[in-house]
Amino acid sequence: MEESIAELRETFRSGTTKSVSWRKKQLRALLDLVNENEDSIFQALDQDLGKSRVESYRDEIGVIKKSAAYSLSCLDKWMAPKKGELPLLFFPAKAEVMPEPLGVVLIFSSWNFPITLALDPLIGAISAGNTVLLKPSELAPACMSFLTQTIPRYLDNKAIKVIGGGADVGERLLELKWDKIFFTGSPRVGRLVMTAAAKYLTPVTLELGGKCPAIVDNTLSNPSKAKVTAKRIVGGKWGPCTGQACIAIDYVLVEEKLASTLIEMVKKYIKRFYGDDLKELKSISRIVNKHQFQRLANLLKDPHVAASVVYGGSVDEEKLVIEPTILLDPPLDSEIMNEEIFGPLLPIITLKNIEESIEFINSKPNPLVIYAFTENETFKKRILSETSSGSVTFNDSMIQFLCDSLPFGGVGQSGFGRYHGKYSFDTFSHEKSVLHRAFYPELEPRYPPWTNFKFSFLKLAYAFDYFGLILLMSGFRKS
Amino acid sequence: MGIEVEKKAGFDTESAKEVVKELRASFVAGKTKTYEWRRTQLTAMLKMMDENEPQIVAALTDDLSKPELESSIYEIAMLKNSCKLALKEMKHWMMPKKAKTSLTSFPSSAEIVSDPLGVVLIISAWNYPFLLSLDPVVGAIAAGNAIVLKPSEISPSTASLLAKLVKKYLDCSCIKVVEGAVPETTALLEQKWDKIMYTGNGRIARIVMAAAAKHLTPVVLELGGKSPVIVDSGINLQVATRRIIAGKWGCNNGQACISPDYIITTKDYALELVDSFKCELERFYGKNPLESKDLSRIVNSNHFARLLKLLDEDKVSSKIVYGGERDETNLKIAPTILLDVPQDSLIMNEEIFGPLLPIIMIDKVEDSFDLINYSGAKPLAAYLFTNNKKLKEKFVEKVSAGGLVVNDTTVHLAEPSLPFGGVGESGMGAYHGKFSFDTFSHKKAVLYRSFAGDAAVRYPPYTAGKLRLMRALLGGSIMGIIRALLGWSKP
């Protein structure tokens, strides 16, 4: 392991990764990798998570292709220094901010979107000119195997490496010095990563999770809008990896009187999208492994929680499948309402007045996303200014993930740092400020021994009081 | 100068908890979020400086024997500029920024909103105790946060003045100063903050970051390092020398994070450079620099002893070519230049942070880049004096540091359009100008969608046709979408 990292450091020192042609070559090679191995990727995702082809394309293959193509088209622009404007006092001078790679970076990816969460940060790290060690999650073993075997065939081995293995490998990696660590996963492990990084003052980006709420107001009274809302909620809960996604809708907040309308519509679309036979569910992933399955099944074991199930609830331990399940008002102090669900269970919490949803959300740690289905402009403004979350999406779910111009990241317990689009490039760069000065003109008052004149001069200069300076210099102003 | 630090009686974990609780309540109540509140605080800060300049200068003289001009210009005037800029630009900074949306999410509109982070902790340093305490506070206020400021106990007069002035001029229910030393700082670091900004050294920075990790608190660390100056030949030597002197001894007598730490020049040029230094140093500080009023003293006896240890090391003391005088009673060390110290000496392996300037000699000036990049730690700043265009380009391309300046030293600190921060051992994050506002904000992405335009392709049951369309939509080209709709593309 130490040898690999030494090689990465040597490669970085040699300057290979800094050239725009190297970076573009790698990005093109990554596109080739995905294009030429689509079937293998579909297979691996099916094996690890039971993802259907459309889901795999939409959430993984398509995302990576889009991200790599976008980076390729913008790279020259991103790499160009940004000019700064200087005040007259500095004349003649030139200021600019130059992005430069950080060096050798470590990327930890998660098991739920094992291709996207590994390759999307990789795209950012490559674009920014770094050398990279990628550690995919062992909980998605087929994908990890795919990545460890395929990446060396397409990308520059001396600069980009993949390492397999379990938590012990991760621990060993964290004992070493990196120039940046990018981590996607749980807050618990996020803390361990940041603590390890502190030893070397390594900057980190932590993409964590949280309980992403969906607020639904009386748009439900409008039948056509209610349909769209319900579809988007269903699509946003069970669509991505059967709820095992950091941005999946965790729970819904709705007014008491509209709850039954919502539940009926959600039921309708669950049946239409996935079917209602546990043994024959279609177009939906399964639970990743026994451990997660057990955890989710246990959430339903609490008798009060079990009593609140209004749809679904059946589980198939052998196939690791849990039916899309709706719960109505489970107790607020139950585990299901206090830890990130990360699965196909959807609690619906009723409120007397939908405006109470703001207080409800604020009583919990900052989520990665807040979803709100509403057309009330005042309510939208309140949500924006009175809650804090990584991001907010109005009247839809999940889709903000596809927007390259929006930063994707958390705040508080949902993490810090961000990526996607140019933000990926920035997160793996150091923005170096550069100031060019000329030898002339020289400002004598900069130098001691100090006199009253010099003092006055500098005071005026720092206040950018050019007129005052002129008066001082021409003797019309006393020092 | 053994001033006893007056600690707030028993500021322990409980007290720290109470402080955070109070500030969090103020924040949640929305006090700090309004434009008016932020404006009022910044205006009050300006008033505070206008009405207390002599007291501030006196405290800085007490703590550092800082020349009045340095206090007035490099601490007070700089801070005033920072406040004025924030007051002028804050409305603009606070406005949401529109973001482009692509065909894939059509129809939609998007923006990025700047949210305050919440309750932030700012730990500052002793060398520019006024500026480094309040400049971050300006950013935190502009971004709408509640704040605890922990000034350094090594500059106790300034710390207690800050506590007094903040209480008098600013909103105490939202901005507090906590004085003290290690126990008080530890108590503060145990609490949950929404951001911590620390200015100081790498050792404490590690402790700060590890404490922050427990609560997943993001940090900004403004540290230091050995900022090198490369001096090429064929330049205006007098101007270059003066600018180096201004950045070294003119900045708190070398006790500044971006002070030139050491010089790299060619063997051929070194002696000429030394002569120029001797000439200009005498012009600036006279024949008896220990008596000059224009130099700060060394802050305390610990640092004084530390610097003497660097100077008196056997293989180094013989390399002094100018200066070396010291006055222990008054904690003064004269501007000292050393020529050709060994690479493995103490003075070449820790940040000097004092009035000693080693000069390292190399054969070719280009060799300096590798010397800097292989030194093991990226510095906060690096400087180059040259008229050679190619050398400038190579310098900017090859040398990694927080910030670079060509043909001057330290002035980039005063330019708010440049982000000020380190990389690697010299730190993470940046501030100044709008970067301060950004560093204390959360940039929240907001996507607005409408109920119209719901594509069936998004929902199961999934078919080959939907997959085709999905490919086209993600590919983002209109032709691709049309082809998919007509059934002409790959499933």
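Owing to the predicted nature of the structure, the values given are computational and were not obtained by experimental measurement.

Brief notes about the overall build of chain A
Assigned secondary structure in chain A consists of 17 helices and 18 strands. Taken along the three principal axes of its C-alpha coordinates, chain A extends 90 × 55 × 40 Å. Put simply, 70% of the contacts in chain A that link residues at least 6 apart link residues at least 24 apart. Split by element, the accessible area of chain A, about 17800 Å² in all, is 54% carbon and sulfur.

Some remarks on the overall build of chain B
When its secondary structure is counted, chain B shows 16 helices and 18 strands. Its C-alpha atoms give chain B principal-axis dimensions of roughly 85 × 60 × 35 Å. For chain B, the proportion of its 491 residues judged to be buried stands at 62%. Total accessible area computed for chain B in this model is approximately 18200 Å², and 56% of it derives from carbon and sulfur atoms.

A word on the interface of chain B and chain A
Much of the literature gives interface size as the accessible area that the parts lose upon coming together. Taken together, the contact pairs 104 residues of chain B with 104 residues of chain A. Around 8700 Å² of area is buried between chain B and chain A when both sides are counted, 62% of it from carbon and sulfur atoms. At the boundary of chain B with chain A, the tally comes to 7 salt bridges. Here Arg449(B) ties to Asp396(A) by a salt bridge, and the two come within 2.7 Å at their closest N and O atoms. Applying the counting rule to chain B against chain A returns 41 residue pairs in polar contact (both at pLDDT 80 or more). Taken together, the residues of the side of chain B that touches chain A sort by class into 53 nonpolar, 25 polar and 26 charged. Summarising the sheet, strand β16 (residues 391-394) of chain A and strand β18 (residues 441-449) of chain B pair through 4 bridges and their orientation is parallel.

Here's the deal with the pairing of strand β3 (residues 119-123) of chain B
Residues and elements named next belong to chain B. Where burial is concerned, most of β3 is hidden: 5 out of the 5 residues are buried. Neither face of β3 is left uncovered, since the one carrying Val119, Leu121 and Ile123 and the one carrying Val120 and Ile122 both have all their residues buried. Pairing between β3 and strand β6 (residues 195-199): 4 bridges, direction parallel. By the bridge assignment, Leu121 is partnered in β6 with Ile196.

Thoughts on the UniProt feature "active site" (unreviewed entry) in chain B
Residue and element names in this part refer to chain B. On the UniProt side, "active site" (unreviewed entry) is annotated at positions that read Glu222 here. Locating Glu222 in the fold gives a position in strand β7 (residues 219-222). If sequence neighbours within four positions are ignored, Glu222 has contacts with Met197, Tyr198, Thr199, Gly200, Phe420, Gly421, Ser426, Gly429, Ala430 and Tyr431.

A word on the sheet that holds strand β13 (residues 325-328) of chain A
Judged by pairing direction, the sheet is mixed, and its 10 strands sit side by side in the order β10(A)-β13(A)-β14(A)-β9(A)-β8(A)-β15(A)-β16(A)-β18(B)-β2(B)-β1(B) without closing on themselves. Each having just a single partner strand, β10 (309-311) of chain A together with β1 (97-99) of chain B make up the two edges of the open sheet. For this sheet, the mean angle separating the axes of adjacent strands, direction not counted, is 25 degrees. Here 4 bridges tie strand β15 (residues 369-373) of chain A to β16(A), and the two strands are oriented parallel to one another. The residue of β16(A) that forms the bridge with Val369(A) is Ser391(A).

Examining the pattern of salt bridges
Side-chain pairing between opposite charges can occur once the charged atoms of the two side chains come close. In this structure the tally under the stated criterion is 57 salt bridges over all chains. Put simply, Glu255(A) and Lys257(A) hold a salt bridge, and the shortest N to O gap is 2.8 Å. Residue classification places Glu255(A) among the buried positions, given a relative accessible area of 12%. As a salt-bridge pair, Glu89(B) and Lys88(B) come within 3.6 Å of each other at their nearest N and O atoms. Taking the relative accessible area as the measure of exposure, Glu89(B) reaches 23% and is therefore partly exposed.

Here we look at helix α11 (residues 290-299) of chain A
All names here are of chain A. When α11 is considered as a whole, its buried residues turn out to be Gln292, Phe293, Leu296, Ala297 and Leu299. For α11, the angular spread of buried residues about the axis comes to 150 degrees, placing them on one side. Facing away from the buried side of α11, by more than 90 degrees, are the exposed residues Lys290 and His291.

Things to note about the packing of aromatic side chains
For the structure on display, the rule yields 23 aromatic pairs over all chains. Their ring planes at 85 degrees and their centres at 5.9 Å tell us that Phe273(A) and Tyr274(A) sit as a pair that is edge-to-face. By the burial criterion, Phe273(A) is buried, and Tyr274(A) matches it. The structure contains a cluster of three or more aromatic residues connected by ring pairs, namely Phe182(A), Phe401(A), Phe408(A), Tyr419(A) and Phe428(A). The lysine or arginine in question, Lys51(A), covers the ring of Phe113(A), its NZ or CZ lying 3.9 Å from the ring centre. A cation sits over an aromatic face here: Lys33(B) above Phe27(B), 5.1 Å from the ring centre.

A closer look at helix α3 (residues 38-49) of chain A
Residue and element names in this part refer to chain A. Between the first and last C-alpha of α3 there are 16 Å, a value that for 12 residues agrees with the 16 Å anticipated at 1.5 Å per step. Turning to α3, its buried residues number three or more, namely Glu38, Ile41, Phe42, Ala44, Leu45, Asp48 and Leu49. All buried residues of α3 fall inside an arc of 165 degrees around its axis, so they share one side. Residues Gln43 and Gln47 are exposed on α3 and point more than 90 degrees away from its buried face. Phi turns positive one or two residues past the end of α3, at Gly50, with a value near 65 degrees.

Structural notes on the UniProt feature "domain: Aldehyde dehydrogenase" (unreviewed entry) in chain A
In the numbering used here, UniProt assigns the "domain: Aldehyde dehydrogenase" (unreviewed entry) feature to residues 4-434 of chain A. Taken as a whole, residues 4-434 of chain A contains 43% helix and 18% strand, while its terminal C-alpha atoms sit 33 Å from one another.

Quick notes on the sheet that holds strand β16 (residues 403-406) of chain B
As summarised here, the arrangement of the 10 strands in space is β1(A)-β2(A)-β18(A)-β16(B)-β15(B)-β8(B)-β9(B)-β14(B)-β13(B)-β10(B), forming an open sheet in which the pairing is mixed. With partners counted over all chains shown, the strands left at the sheet margins are β1 (82-84) of chain A together with β10 (320-322) of chain B, one partner each. This sheet shows a mean twist of 25 degrees between the axes of neighbouring strands, independent of strand direction. As defined by bridge partners, strand β8 (residues 228-231) of chain B adjoins strand β15 (residues 381-385) of chain B across 3 bridges and the pair is classed as parallel. Within the sheet, the bridge partner assigned to Val231(B) lies in β15(B) and is Phe385(B).

Quick look at a nonpolar patch on the surface
On the surface, Ile478(B), Met479(B) and Ile482(B) cluster together to form a nonpolar patch covering roughly 300 Å² of accessible area. If you trace the backbone, Ile478(B) turns up in helix α16 (residues 478-485).

Focus: unusual backbone geometry
Backbone torsion omega between Tyr440(A) and Pro441(A) reads -5 degrees, so that peptide bond is classified as cis. Relative to the helices and strands, Pro441(A) resides in the loop between β18 (429-437) and α16 (452-462). The omega angle of the peptide bond from Pro460(B) to Pro461(B) is -5 degrees, so this bond is cis rather than trans. Position of Pro461(B) among the secondary structure elements: in the loop between β18 and α15 (464-475). Even without glycine at this site, Asp329(A) takes up a positive phi of about 55 degrees. The residue Asp329(A) is located in the loop between β13 and β14 (345-351) in this model. For Asp329(A), a relative accessible area of 34% translates into the label partly exposed. Non-glycine residue Asn252(B) carries a positive phi angle of around 55 degrees. Considering the arrangement of structural elements, one finds Asn252(B) in the loop between α8 (237-248) and β9 (262-266).

Quick word on the confidence of the model for chain B
Residue and element names in this part refer to chain B. In the predicted model, chain B carries a mean pLDDT of 93, and the fraction of residues at 70 or more is 96%. A low-confidence stretch, residues 1-8 stays under pLDDT 50, and its non-local contacts, those more than four residues away or across chains, total 8 contacts. Confidence estimates for the predicted assembly give a pTM of 0.95 and an ipTM of 0.94.

As for the packing of helix α2 (residues 20-36) of chain A against helix α5 (residues 116-127) of chain A
All names here are of chain A. At a minimum axis separation of 9 Å, α2 and α5 run at an interaxial angle of 160 degrees. The pairing of α2 with α5 is recorded here as roughly antiparallel in orientation. Along its contact with α2, which presents Trp22, Arg23, Gln26, Leu27, Leu30 and Val34, the element α5 presents Leu119, Ile123, Ile126 and Ser127. The class makeup of the residues in the contact of α2 with α5 is 7 nonpolar, 2 polar and 1 charged.

Some thoughts on the environment of Thr34(B)
Residue and element names in this part refer to chain B. Positionally, Thr34 belongs in the loop between α1 (13-28) and α2 (35-64). Residues Thr34 and His215, 181 residues apart in the sequence, show an inter-C-alpha distance of 27 Å. From its side chain, Thr34 meets the backbone nitrogen of Trp37 in a polar contact 3.0 Å long.

Conventions used here
- Residues numbered from 1 in each chain as written.
- Chains lettered and ligands numbered in written order.
- Predicted model: local features only at pLDDT ≥ 70, side-chain atom pairs only at ≥ 80, totals over all residues.
- Heavy atoms only, no water.
- Helix = DSSP H or I, 4+ residues; strand = E, 2+ residues; numbered from the N terminus.
- Contact = heavy atoms within 4.5 Å.
- Areas by Shrake-Rupley, 256 points an atom, 1.4 Å probe, with all protein chains shown as cover.
- Buried < 20%, exposed > 50% of the residue type's maximum accessible area, 1.4 Å probe, protein only.
- Buried area = accessible area lost by both parts, 1.4 Å probe.
- Salt bridge = Lys/Arg side-chain N within 4 Å of Asp/Glu carboxyl O.
- Polar contact = N/O pair within 3.5 Å; in protein donor to acceptor, adjacent residues only side chain to side chain.
- Nonpolar A, V, L, I, M, F, W, Y, C, P; charged D, E, K, R; others polar.
- Pairing = 2+ DSSP bridges.
- UniProt positions renumbered as here; feature names shortened; annotations may be inferred.
- Axes fitted to C-alpha atoms, helices over the stretch in contact; angles between N-to-C directions.
- Arc of directions from axis to C-beta.
- Phe/Tyr/Trp six-rings, centres within 6.5 Å; stacked < 30°, edge-to-face > 60°.
- Lys NZ or Arg CZ within 6 Å of the ring centre and 35° of its normal.
- Expected span 1.5 Å × (residues − 1).
- Patch = residues over 30% accessible without salt bridge, like charges linked within 9 Å, V, L, I, M, F, W, Y side chains within 5 Å.
- pLDDT = per-residue confidence, 0-100.
- Parallel < 35°, antiparallel > 145°, perpendicular 65-115°, else oblique.

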